[in-house]
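Chain and residue survey
As a plain string of letters, each chain reads:
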Amino acid sequence: MHFKTIAATSALVLVGIGLSGCATSAPVATSAPDATSALSADREATITVWNPQDQWRKTSEFLENNVEAFKAQYPNVTVEFVDVPYGQYEARYVAGFTSGKNAPDIFMGQVSYYGGALGVAAEAPEDLQMLFEENLTPVTAGNFKIDGKWFGHPVSTDLGMQLFYNVDHFAAAGLDPANPPKTFKELREYANKLAVREGGKITRNGMALRYSGSPTGIADKALPYIHAFGGRMYAEDYSTAEGYLNGKETIAAVQYMQDLAQKDRVSSLELGSPDDTFAQGLSAMTFREGWYEGYLDANAPDVKYAVAPYPEGDAGYPKVSLLFNWAWMVNERSENKDLAWEWIRAMSNPETDLKLAKLEGYMPVWSENFNDPYVVGRNDYIAVEKQLNEGPGPAYNAPYTNQIAIEVGQAIEAAMRGADVEQTLNNVVVKVDELLKRGRE
Amino acid sequence: MAILHLTKRAQPRRSDTKRAYLFLAPALLFVLLLFVIPVGYNIVISFFNWSAFGQRDFVWFENYLSVLSSERFLNAAGNTAYFTMLVVPVGVVLSLIVALGFNALMFRKGTGLLRALYFAPVVASLTAVAFVWLWIFNPSYGLANTLLNGLGLPGEAWLTSESQVLPSLAIMYVWARLGFNVIILVAGLNAIDRSYYEAARLDGAGPFKMLWSITLPLLNRQLVLVVSVEIMNALKLFELPFVATKGGPVGASKSMVTEIYELAFRQDQWGPASVYVIALFVFLIVITGVVRKVFTRDISE
């Protein structure tokens with residue numbers, strides 16, 4: 001009798017708790033201060049800033065100590081930085097934003113997901129809309145906007161892929177290091193001359209392909225190929241991937257990648273990641289962003305390399321397109337939203353931008369900094385200059401772009417390993433269209 | 001006719017029962033808060049199209065139908081089952097061999113250090129284990145291929161091969177768990193009365209006969225414990241593929257729990273994620289029950 005009573009009571013409690021969470025409502029919104037009320041310099045508050053990027057930890061320390069204008073204006077406001085390990089940031093962010101009280105006021109996140117899909121990031125105020133529009137590089141601007149509106153200050157423009165090549169391998173293969181491949185046709189010919197095969201196995205990549213690891217990374221590295229052949233992941237209006245992801249241009253691009261691995265046998269699917277193999281002299285060519293220069297200088301000082309612009313494909317030069325649009329954003333439901341935007345204002349200037357770029361070794365965001373000796377003097381400037389001159393490429397800002405990239409990356413991974421390219425892309429179009437549809441709802 | 005008077009078993013007093021519940025109350029509260037309520041909530045969510053950020057639409061059994069018939073679920077379930085079938089027999093047998101070795105060591109000095117060395121990987125988190133073995137299994141500069149090349153053998157793809165990725169993860173897992181199982185089995189072996197072996201020896205039994213007829217039956221409880229725990233842990237495979245392979249290559253190392261994480265935290269699809277949780281939970285309960293039923297023996301004879 002007792003047991004039955006306890007069991008029945010427990011079941012009722014469970015159902016009650018479960019149904020209480022079923023209301024179709026967002027997490028309890030904290031009341032935001034009246035937008036028209038002036039901010040008092042005496043205001044006491046603590047604003048928290050979350051940084052999930054393991055590779056950009058110096059940024060937290062720098063911003064904690066160098067946003068002087070904000071400290072001077074609001075001496076009683078404490079800015080607390082929290083470094084969230086990248087591996088768990090998604091779970092931490094979900095827990096934080098759904099809890100309400102434990103959410104950050106400012107956070108680094110991907111604009112398309114946190115601003116578009118989840119709606120937890122606030123649209124920038126009008127003055128910042130103008131400031132960003134007038135001053136941040138237009139080459140990547142589209143990647144940080146949703147419906148034409150800025151949702152935060154970009155962390156880095158990271159201007160897309162460049163061709164890194166090993167000068168010694170070029171010379172040994174009878175190729176002129178001052179004359180790197182300028183088209184995909186030439187790239188394939190060079191790769192054939194540069195690859196080394198022993199006993200049926202590739203022991204040196206003529207051209208390193210990103211074939212394993214995080215699927216979003218695989219998709220990211222494949223995008224320039226796709227754009228060079230005239231393809232794209234999905235329609236500009238996010239309506240569908242049909243005819244784009246499985247269009248003949250995209251198929252040709254992915255087929256090219258597959259041929260490098262399977263037919264030409266100039267790209268190994270066993271040697272290791274392009275970053276590692278190029279640094280070890282096991283790849284003669286690879287595509288990477290400009291930050292790779294700093295990595296090579298620090299970790300592989302004996303590798304003699306040069307950097308050239310990305311080759312041109314059938315559709316010309318694949319213009320800059322960022323799959324990862326990381327920006328400093330403000331929590332829409334923050335109690336200190338006004339203060340958070342004040343902090344963003346205080347750090348939004350070319351001086352801070354340039355110092356951060358030099359500190360972390362990536363490209364700046366403010367247009368005027370692209371004339372600075374830090375940028376002009378880089379080994380990869382010839383590639384950077386082309387990227388700036390060519391202008392922006394496709395922007396992928398559908399709300400679930402990260403999830404779309406996972407599906408696309410897995411498909412490309414399968415294709416590189418020998419799966420039928422057209423069939424594989426046809427299959428993934430269905431999944432991508434479902435994600436696009438979810439994003440529109 | 002003899003009349004049997006059956007003594008009526010004394011019933012516990014009501015005050016004794018109340019006292020018992022009072023003692024159990026704190027633990028029951030934890031079970032309620034940390035198990036019963038979350039499981040119940042999970043069941044409720046599985047019937048919804050549920051977003052952590054707002055949308056909650058009741059969809060009846062739609063999640064169950066779409067998940068249980070999906071290739072994605074079958075892939076994850078298959079990988080998890082295959083991984084479990086690799087690590088449990090190998091891990092348990094290896095643990096038993098090592099435990100028997102420790103037990104047979106004539107000289108007890110130094111075994112403490114050896115045991116500590118075997119136990120050391122258990123203390124490390126699986127995340128740390130994954131990072132270490134990522135380096136060992138690196139195809140171009142990893143220790144594993146360096147050793148193979150040194151022996152004149154070709155290097156392997158390890159974690160970057162569809163066919164090798166799960167066995168590679170199994171190696172990592174068995175290495176990490178070995179010490180824990182050895183400790184349990186050594187404790188069990190130490191508890192076996194030596195007189196059984198003496199008697200068997202006098203009867204002319206050889207080492208194998210003694211192992212089969214004395215050691216294994218008397219170690220039954222510990223073996224069932226080790227097998228049950230290993231099955232449960234293996235079915236909950238997460239850290240190793242999450243850190244080392246991201247579920248690749250081509251989904252070949254995606255497990256049930258990595259899919260739960262992916263659906264819940266990366267895709268904000270809590271309804272389907274809950275279905276995965278329930279499927280895993282049911283499977284765990286059934287398998288654990290079967291193991292205990294099949295392997296537990298009455299050793300009184």
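What follows deals with the overall build of chain B. Counting secondary structure elements, chain B contains 13 helices and 2 strands. Computed over C-alpha atoms, the radius of gyration of chain B comes to 25 Å, more than 25% over the 19 Å expected from 2.2 N^0.38 for 301 residues, which places it beyond the range of a compact globule. Summarising its shape, the C-alpha atoms of chain B cover approximately 70 × 70 × 35 Å along the three principal directions. Counting the 301 residues in chain B, one finds 33% classified as buried. Put simply, 70% of the contacts in chain B that link residues at least 6 apart link residues at least 24 apart.

Before going further, it helps to examine the nonpolar core. In terms of nonpolar packing, the biggest core is built from 127 residues, with Leu245, Val408 and Val432 of chain A touching the most fellow members. Per element, the largest residue contribution to this core is 9 residues, and it comes from helix H18 (residues 401–416) of chain A. Both of domain 1 (45–157 + 324–390) and domain 2 (162–322 + 395–440) of chain A provide at least three residues apiece to this core. Phe137, Leu169, Ala264 and Phe265 of chain B belong to the second-largest nonpolar core, a separate cluster that totals 57 residues.

Counting from both sides, the interface comprises 27 residues of chain B and, opposite them, 34 residues of chain A. Sorting the residues of the side of chain B that touches chain A by element identifies helix H1 (14–45) and helix H12 (256–266) of chain B as the ones contributing at least two each. The element best represented in the side of chain B that touches chain A is H1 of chain B, accounting for 5 residues.

Glancing now at the pairing of strand S3 (residues 106–110) of chain A. Residue and element names in this part refer to chain A. Counting buried positions over the 5 residues of S3 gives 5, a clear majority of the element. Judged by which residues are buried, S3 turns out to be covered on both faces: Ile106, Met108 and Gln110 on one side and Phe107 and Gly109 on the other are all buried. Bridging between S3 and strand S12 (residues 326–330) involves 5 bridges; their strand directions are antiparallel. Residue pairing across strands places Met108 opposite Trp328, the latter belonging to S12.

The omega angle of the peptide bond from Gly248 of chain B to Pro249 of chain B is -5 degrees, so this bond is cis rather than trans. The topology assignment puts Pro249 of chain B in the loop between helix H11 (239–245) and H12. Of note, Asp147 of chain A is a non-glycine position whose phi angle comes to about 50 degrees, a positive value. Among the secondary structure elements, Asp147 of chain A is positioned in the loop between strand S4 (145–146) and strand S5 (149–150). Classification of Asp147 of chain A as exposed rests on a count of 9 C-beta atoms within 10 Å. Here Asp268 of chain B, not a glycine, exhibits a phi torsion of approximately 55 degrees, which is positive. A count of 22 C-beta atoms within 10 Å places Asp268 of chain B in the buried class.

Right, let's talk about the environment of Glu186 of chain A for a bit. All names here are of chain A. Along the chain, Glu186 falls in helix H9 (residues 184–194). Owing to 14 C-beta atoms within 10 Å, Glu186 belongs among the partly exposed residues under this scheme. In sequence terms Glu186 and Glu312 are 126 residues apart; their C-alpha atoms lie 9.6 Å from each other. Aside from chain neighbours lying at most four places away, what touches Glu186 is Pro181 and Pro311.

Below, the discussion takes up helix H4 (residues 89–99) of chain A. Residues of H4 of chain A that are buried: Tyr89, Glu90, Tyr93, Gly96 and Phe97 of chain A. Buried residues along H4 of chain A cover an arc of 135 degrees about the axis, so they all sit on one side. Check the buried side of H4 of chain A and you find it contacts H12 of chain B. After H4 of chain A finishes, the residue Gly100 of chain A shows a positive phi value of roughly 85 degrees.

Residue and element names in this part refer to chain A. Within the secondary structure, Asp158 sits in the loop between strand S6 (153–154) and strand S7 (162–166). Spatially, the C-alpha atom of Asp158 lies 9.1 Å from that of Val320, the residues being 162 residues apart in sequence. Discounting residues that sit within four places of it in the chain, Asp158 has contacts with Glu289, Leu322, Tyr362 and Met363.

Residues and elements named next belong to chain A. The 3 strands are arranged S10-S7-S11 in an open sheet whose pairing can be described as antiparallel. Strands with a single pairing partner mark the edges of an open sheet, and in this sheet they are strand S10 (285–288) and strand S11 (305–308). Recorded for the sheet is a direction-independent mean angle of 25 degrees between the axes of neighbouring strands. Both S7 and S11 contribute to a ladder of 4 bridges, which runs antiparallel. When the sheet's bridge partners are listed, Leu163 is paired in S11 with Ala308.

With respect to the element layout, Leu100 of chain B can be found in helix H3 (residues 71–104). Taking the C-alpha atoms as reference points, Leu100 of chain B and Arg221 of chain B, separated by 121 residues in sequence, lie 16 Å from one another.

All names here are of chain B. In this model, chain B carries an average pLDDT of 88, and 93% of its residues clear a pLDDT of 70 or more. Here helix H4 (residues 111–123) stands out as the least confident element of chain B, with mean pLDDT 77; helix H2 (residues 62–68) is the most confident, with 96. For the stretch residues 1–5, pLDDT sits under 50, and the model shows 0 contacts to residues farther than four places along the chain or on other chains. The ipTM for the predicted assembly is 0.82, set against a pTM of 0.85.

Residues and elements named next belong to chain A. Here the domain parsing of chain A yields domain 1 (45–157 + 324–390) and domain 2 (162–322 + 395–440). Using only C-alpha atoms to locate each centre, domain 1 and domain 2 end up separated by 28 Å. Facing 25 residues of domain 1, the contacting portion of domain 2 comprises 21 residues. Breaking the side of domain 1 that touches domain 2 down by element, the ones donating at least two residues are helix H5 (111–117), helix H7 (138–141) and helix H17 (381–390). No other element matches H17, which puts 6 residues into the side of domain 1 that touches domain 2. Partitioned by chemical class, the residues of the side of domain 1 that touches domain 2 number 11 nonpolar, 10 polar and 4 charged.

This part is about the sheet that holds S3 of chain A. Hydrogen bonds between backbone atoms are what pair the strands of a sheet, whose relative direction is either parallel or antiparallel. All names here are of chain A. Pairing within the open sheet is mixed, and its 5 strands lie in the order S2-S1-S3-S12-S6. The strands lining the two open edges of the sheet, one partner per strand, are strand S2 (77–83) and S6. For S6 and S12, the ladder comprises 2 bridges, and the chain directions are antiparallel. Within S12, the residue paired with His153 across the bridge is Trp328. Helix H14 (residues 337–347) rests against strand S1 (45–51), S2, S3, S6 and S12 of the sheet, and its axis sits at about 140 degrees to S12.

Each value, and the rule that gives it
- Residues numbered from 1 in each chain as written.
- Chains lettered and ligands numbered in written order.
- Predicted model: local features only at pLDDT ≥ 70, side-chain atom pairs only at ≥ 80, totals over all residues.
- Helix = DSSP H or I, 4+ residues; strand = E, 2+ residues; numbered from the N terminus.
- Rg over C-alpha atoms; globule rule 2.2 N^0.38 Å.
- Buried ≥ 20, exposed ≤ 12 C-beta atoms within 10 Å, placed from the backbone.
- Contact = placed C-beta atoms within 7 Å.
- Core = buried A, V, L, I, M, F, W, Y, C linked by C-beta atoms within 7 Å.
- Domains from an automatic or database assignment.
- Pairing = 2+ DSSP bridges.
- Arc of directions from axis to C-beta.
- Axes fitted to C-alpha atoms, helices over the stretch in contact; angles between N-to-C directions.
- pLDDT = per-residue confidence, 0-100.
- Nonpolar A, V, L, I, M, F, W, Y, C, P; charged D, E, K, R; others polar.

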